[in-house]
Amino acid sequence: AQSVTQLDSQVPVFEEAPVELRCNYSSSVSVYLFWYVQYPNQGLQLLLKYLSGSTLVKGINGFEAEFNKSQTSFHLRKPSVHISDTAEYFCAVSDLGTGTASKLTFGTGTRLQVTL
Amino acid sequence: GAVVSQHPSRVICKSGTSVKIECRSLDFQATTMFWYRQFPKQSLMLMATSNEGSKATYEQGVEKDKFLINHASLTLSTLTVTSAHPEDSSFYICSATRANQPQHFGDGTRLSIL
C-alpha cells in the first residue's frame, strides 16, 4: 500500500515569487509519481510525471519537480508564479509493478493562492 | 493531449431519483476507467475501477448496488447513482487510461440531491 503526504494545505504567495509545494510518499515498492492541478469545478489536469530516468522532471505551465528517492519526496516548484496558477494541486503515486494504468493514491491537496 | 468528456457537468434532482453520469474518452481507447468522489476541499477518493467488458472492482466501503458502473465499450463508462439521497451529493470525477499511460480526467459532475 502507498500513502502520500502533502504537508501544506494552503500556500499563499505573491505574483512573480517562487513557490514550492511539498509532497512526500510512502511505499514498500517502487512507484510512479504525478502532480495534477485542479481549477474550480473542473477535473484534474496532469502537470508532470516521473516514471524513470532523470530525477528532475519538467512539466507544463513552467512547473518542475524533483524526485528524491532517499527522502521519498517529489516537491513541485515554479520560479515565478502567475495569478492564473491559483488552483488546487494534488500529488499522487501509483504502483510501478502494475504499470501506469494502475490506480492512483492521492495526497490531500495544496491550495496555491497567488495574489498581487 | 488526451480528452475525456464527462456528462452532465451538473445535475440537481429529487431524493429517490436515479442519476446516470457518462464518461467518454474521445481520442483514445480506454481499457480502464476510474470513478472518484470528491467532497468539498478534500482529495479524490477512488470508488471503483472499471475495465472494459468486465465487472467493476469497488473499493472497500463503496456500495456496488448503490453505484452501478458499466463499461460497455473502450470509449464509454457510466456511473449510475441509484435511489440517490442527499448524502450522495458530491463531485464525481472519472478518468480514463490504457496501459503505460497516465490517467486523463473528465471535468467532473456536480450532483446535488434535494
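Data block above holds the structure.
Residues numbered from 1 in each chain as written. Chains lettered and ligands numbered in written order. Predicted model: local features only at pLDDT ≥ 70, side-chain atom pairs only at ≥ 80, totals over all residues. Heavy atoms only, no water.

(A) Expanded view of the pattern of salt bridges. Residues and elements named next belong to chain A. Under the counting rule described, the total for this entry stands at 8 salt bridges over all chains. Across the pair Glu 66 and Arg 77 runs a salt bridge, and its minimum N-O distance is 3.6 Å. A residue pair is termed long-range when its members are at least 10 positions apart, and Glu 66 in strand S8 (residues 64–68) and Arg 77 in strand S9 (residues 73–78) qualify at 11 residues. Note on Arg 77: relative accessible area 27%, which makes it partly exposed. Overlapping salt bridges bring together Glu 20, Glu 66 and Arg 77 as one network. (Salt bridge = Lys/Arg side-chain N within 4 Å of Asp/Glu carboxyl O. Helix = DSSP H or I, 4+ residues; strand = E, 2+ residues; numbered from the N terminus. Buried < 20%, exposed > 50% of the residue type's maximum accessible area, 1.4 Å probe, protein only.)

(B) Representation of the sheet that holds strand S7 (residues 67–73) of chain B. Residues and elements named next belong to chain B. Read from one edge to the other, the open sheet built from 4 strands follows the order S1-S3-S8-S7, with strand pairing classed as antiparallel. Looking at which strands have only one partner, the edges of the open sheet turn out to be strand S1 (4–7) and S7. Strand-to-strand twist in this sheet, taken as the mean axis angle between neighbours without regard to direction, amounts to 15°. Both S1 and strand S3 (residues 19–25) contribute to a ladder of 4 bridges, which runs antiparallel. Its bridge partner lying in S3, His 7 is registered against Glu 22. (Pairing = 2+ DSSP bridges. Axes fitted to C-alpha atoms, helices over the stretch in contact; angles between N-to-C directions.)

(C) Main features of the interface of chain A and chain B. Contact with chain A, which involves 18 residues of that partner, is made by 23 residues of chain B. The interface formed by chain A and chain B includes 1 salt bridge. Where chain A touches chain B, the interface holds 5 residue pairs in polar contact (both at pLDDT 80 or more). Taken together, the elements giving at least two residues each to the side of chain A that touches chain B come down to strand S5 (31–38), strand S6 (44–50) and strand S11 (104–106) of chain A. The residue inventory of the side of chain A that touches chain B, partitioned by class, reads 8 nonpolar, 8 polar and 2 charged. (Contact = heavy atoms within 4.5 Å. Polar contact = N/O pair within 3.5 Å; in protein donor to acceptor, adjacent residues only side chain to side chain. Nonpolar A, V, L, I, M, F, W, Y, C, P; charged D, E, K, R; others polar.)

(D) How the structure looks around the packing of aromatic side chains. All names here are of chain A. Following the criterion strictly, the structure yields 12 aromatic pairs over all chains and no others. A centroid spacing of 6.2 Å and a plane angle of 85° characterise the contact between Phe 90 and Phe 106, whose relative ring orientation is edge-to-face. Note that Phe 90 is positioned in strand S10 (residues 87–95) and Phe 106 in strand S11, a separation of 16 residues in sequence. According to the relative accessible area criterion, Phe 106 is buried, its value standing at 10%. (Phe/Tyr/Trp six-rings, centres within 6.5 Å; stacked < 30°, edge-to-face > 60°.)

(E) Fine view of the state of the cysteines. As enumerated under the stated definition, the model contains 2 disulfides over all chains in all. The disulfide that involves Cys 23 of chain A links it to Cys 91 of chain A, with 2.0 Å between the sulfurs. Every disulfide takes its handedness from the sign of the S-S torsion; for Cys 23 of chain A and Cys 91 of chain A that torsion is -65°, giving left-handed. Here Cys 23 of chain A, found in the loop between strand S3 (19–21) and strand S4 (24–26), pairs with Cys 91 of chain A, found in strand S10; they are 68 residues apart in sequence, far enough to count as distant. In terms of burial, Cys 23 of chain A and Cys 91 of chain A fall into one category: buried. Here Cys 23 of chain B engages in a disulfide with Cys 94 of chain B; their sulfurs sit 2.0 Å apart. (Disulfide = S-S within 2.5 Å.)

(F) A look at the environment of Phe 74 of chain A. Residue and element names in this part refer to chain A. Its location among the elements puts Phe 74 in strand S9. Of the residues examined, Phe 74 reaches a relative accessible area of 0% and is grouped as buried. Along the backbone, Phe 74 and Gln 10 are 64 residues apart, and their C-alpha atoms lie at a distance of 17 Å.

(G) Local environment of the nonpolar core. Residues and elements named next belong to chain A. By size, the foremost hydrophobic cluster in this structure holds 27 residues, and its most contacted members are Leu 33, Trp 35, Leu 47, Leu 48, Phe 74, Leu 76 and Tyr 89. Elements supplying a minimum of two residues to this core: strand S2 (10–14), S3, S5, S6, S8, S9, S10 and strand S12 (110–115). Residues contacting Tyr 89, with those up to four places away along its chain left out, are Gln 6, Leu 21, Trp 35, Tyr 36, Val 37, Leu 47, Phe 63, Leu 76, Gly 109, Thr 110 and Leu 112. (Core = buried A, V, L, I, M, F, W, Y, C linked by side-chain atoms within 4.5 Å.)

The analysis is restricted to geometry; functional conclusions fall outside its scope.
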